[in-house]
Amino acid sequence: MNWDDTKVFLAVCRENTLRGAARVLGIDQATVGRRIAALERSLNATLFLRTSDGYVLTALGEAALEAAQNMEHSAQELQRRIEGLDDRLTGLVRITTTDSMAIDFLIPAIANLHLQHPDVRVLLEASTHRLNLSKRESDIAIRTIKPDNPDLIVRRLARWPVALFASADYLQKHGIPERGSAFAGHDLVVYQPYIVEGKELTLASEPITRGRIVSTVNSSLLMRRSIAAGIGVGELPVYMGEQEGLVRLWPQQPRSTPYDVWLVTHADLRHTARIKVVIDKIVEVFCAVNPS
């Protein structure tokens, strides 16, 4: 198996259809089908069963998958090490982060970067989905959860308290929730992953059993805009709530866990010139907002 065939094979394994693999690879479906057929002929083996549910690996295909994954890992490691020695201030840097981090920090950092290094291009993806840095899905990640992969270099950019906020209009209509009331008579905006993960639902360490959840959101940007629209009371990192002009409630009762922001990159890329200058600009912007 050569590497080009391996990439096609892995795409079909992961997507289970020729169409899905073609979309991932950026080629047409017929080409994917021809490449798989040619690969099977060259190996004199049937790698997939063609079923109504898509392409399913045979026993030989399962064995080939393990070898293909090892080849992919080696190719990714080779690419990372070569790029890690690249001292040119030109080329693409891929960053993944959340929508709020992108708007508040990454876009200003990219603007500063472009003034000094116009040949460095940035692909910025705002998503709650965590891309895999080891597989080169991204070069830099700005995350709110610290990864534990020893191959990754991690730096904390910020730590903010998380507090309860509401809009002035909401408070005019509903008043301030009373501590100890479990939000009786109040509308609430809640972070959707907390519900999915089955976590105990509290806001500012207060149970919400007597409140009414009127909206759930899956990102901090949606949370801050929902609270600003007067939909209900919700939690935000203090800097976000203040930036939106919201009213902080119960200032002496923040959430027990702070909001940490981590910059993550792969160890093999830490000396790549274009990645290093991007990281420097990101750190500058965070330091300006969070000098401590």
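Scroll up a little and you will see the structure.
Residues numbered from 1 in each chain as written. Predicted model: local features only at pLDDT ≥ 70, side-chain atom pairs only at ≥ 80, totals over all residues. Heavy atoms only, no water.

Draft legend 1. Structural context of the overall build of the chain. Counting secondary structure elements, the chain contains 10 helices and 14 strands. Per-residue burial over the chain gives 46% buried out of 292 residues. Here the analysis covers contacts within the chain between residues at least 6 apart in sequence; of these, 74% occur between residues at least 24 apart. Treating the 34 positive side-chain charges of the chain as one cloud and the 34 negative ones as another, the clouds have centres 1 Å apart. (Helix = DSSP H or I, 4+ residues; strand = E, 2+ residues; numbered from the N terminus. Buried < 20%, exposed > 50% of the residue type's maximum accessible area, 1.4 Å probe, protein only. Contact = heavy atoms within 4.5 Å. Lys, Arg positive; Asp, Glu negative; His and termini not counted. Charge placed at Lys NZ, Arg CZ, Asp CG, Glu CD.)

Draft legend 2. Expanded view of the nonpolar core. Of all hydrophobic cores here, the largest spans 37 residues; its most connected members are Met-101, Ile-140, Ile-142, Ile-282 and Phe-286. Per-element accounting of this core gives the leading share, eight residues, to helix α10 (residues 273-289). Not counting chain neighbours up to four residues away, the residues in contact with Ile-282 comprise Ile-95, Leu-106, Ala-109, Ile-140, Ile-142, Leu-157 and Leu-263. In this structure, Leu-18, Leu-39, Phe-48 and Leu-57 belong to the second largest nonpolar core, which totals 20 residues. (Core = buried A, V, L, I, M, F, W, Y, C linked by side-chain atoms within 4.5 Å.)

Draft legend 3. Up close: the environment of Val-12. Here Val-12 shows up in helix α1 (residues 3-15). Residues Val-12 and Val-56 lie 44 residues apart in sequence; the distance between their C-alpha atoms is 9.1 Å. Once you skip the residues sitting within four places of it in the chain, Val-12 turns out to touch Thr-17, Leu-18, Ala-21, Val-32, Ile-36, Phe-48 and Tyr-55.

Draft legend 4. Up close: the packing of aromatic side chains. A complete count under the given rule lists nine aromatic pairs for this structure. Between Phe-9 and Phe-48 the ring centres are 5.5 Å apart and the planes differ by 50 degrees, which places this aromatic pair in the tilted class. Here Phe-48 lies in strand β1 (residues 48-51) and Phe-9 lies in helix α1, a separation of 39 residues in the sequence. For the pair shown, Phe-9 and Phe-48 are each scored as buried. Through successive ring pairs, a cluster of aromatic residues spans Phe-105, Trp-160, Tyr-239, Tyr-259 and Phe-286. (Phe/Tyr/Trp six-rings, centres within 6.5 Å; stacked < 30°, edge-to-face > 60°.)

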